[in-house]
Each structure stands twice: as C-alpha cells, then as structure tokens.
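# Descriptive structure summary
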Amino acid sequence: WKREPLKEAFAIIQIVALYVAGTAVAYDHPLVATALLGFGSQQAGWLAHDYIHGRGPWCENMRWFGAVFNGHGAGWWSQKH
C-alpha cells in the first residue's frame, strides 16, 4: 500500500484547520471551540494511530505527529495499545 502525498497533506491541513479555528473562536464561542478542538483532537488521534502502525519511510518520519497534536508519544501509544 502506497501513501498519496496529497491525501496526507489534506488530512494534516484539516486537523490544523480545526485546531486553528477552535483557538480563534475560543474567547467568544467556547462551546464551538470545544467542539472544533475535540474534532481536531479526534482526527489527530486516528491519523497518529495510522502513522504508529504504518510501514514505510513516511510513517517512520511522522511518528512524532501524535505527540505534537495529541500529547501521545509513540512509546506511550505502543505500551497502551
């Protein structure tokens, strides 16, 4: 199975956009911000899950993703999962 760079970029951009939008509206609309940040965190978790279990150079180089976007390092993930 070969990863497609455009699909990978689109997935990462979606997550970053959810985090940015949630942060931008946090002061005026805290419930909307909570939903946006929650969805971003959920999506980041699944993508990090794919990178932890994935094979190939892309996944090996992206194992930091979960730690940066969700606070779950690759070592923690491997021990708990």
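Below you will find a few notes about this structure.

Analysis parameters
Residues numbered from 1 in each chain as written. Predicted model: local features only at pLDDT ≥ 70, side-chain atom pairs only at ≥ 80, totals over all residues. Heavy atoms only, no water. Helix = DSSP H or I, 4+ residues; strand = E, 2+ residues; numbered from the N terminus. Expected span 1.5 Å × (residues − 1). Buried < 20%, exposed > 50% of the residue type's maximum accessible area, 1.4 Å probe, protein only. Arc of directions from axis to C-beta. Contact = heavy atoms within 4.5 Å. Salt bridge = Lys/Arg side-chain N within 4 Å of Asp/Glu carboxyl O.

In this section: helix 1 (residues 5-24). Spanning 20 residues, helix 1 covers 28 Å between terminal C-alpha atoms, matching the ideal 28 Å at 1.5 Å per step. For helix 1, the full list of buried residues reads Glu8, Ile12, Ile15, Tyr19 and Gly22. One face of helix 1 carries all of its buried residues, which in axial projection span an arc of 95°. Structural note: helix 1 exposes Leu6, Lys7, Phe10, Ile13, Val20 and Ala24 on the side pointing more than 90 degrees away from its buried face. At its buried positions, helix 1 is contacted by helix 2 (30-53), helix 3 (57-61) and helix 4 (65-69).

Further remarks concern the environment of Ala48. Note that Ala48 resides in helix 2. When its relative accessible area of 4% is taken as the criterion, Ala48 is described as buried. A sequence separation of 17 residues divides Ala48 from Phe65, and the C-alpha atoms of the two residues are 5.9 Å apart. Once you skip the residues sitting within four places of it in the chain, Ala48 turns out to touch Phe65 and Gly66.

A side chain of one charge can pair with a side chain of the opposite charge if their charged atoms are brought near each other. The final tally for this structure, using the stated rule, is two salt bridges. Among the salt bridges present, the one from Lys7 reaches Glu4, with a minimum N-O distance of 3.9 Å. Classification of Lys7 by relative accessible area gives exposed; the value is 56%.

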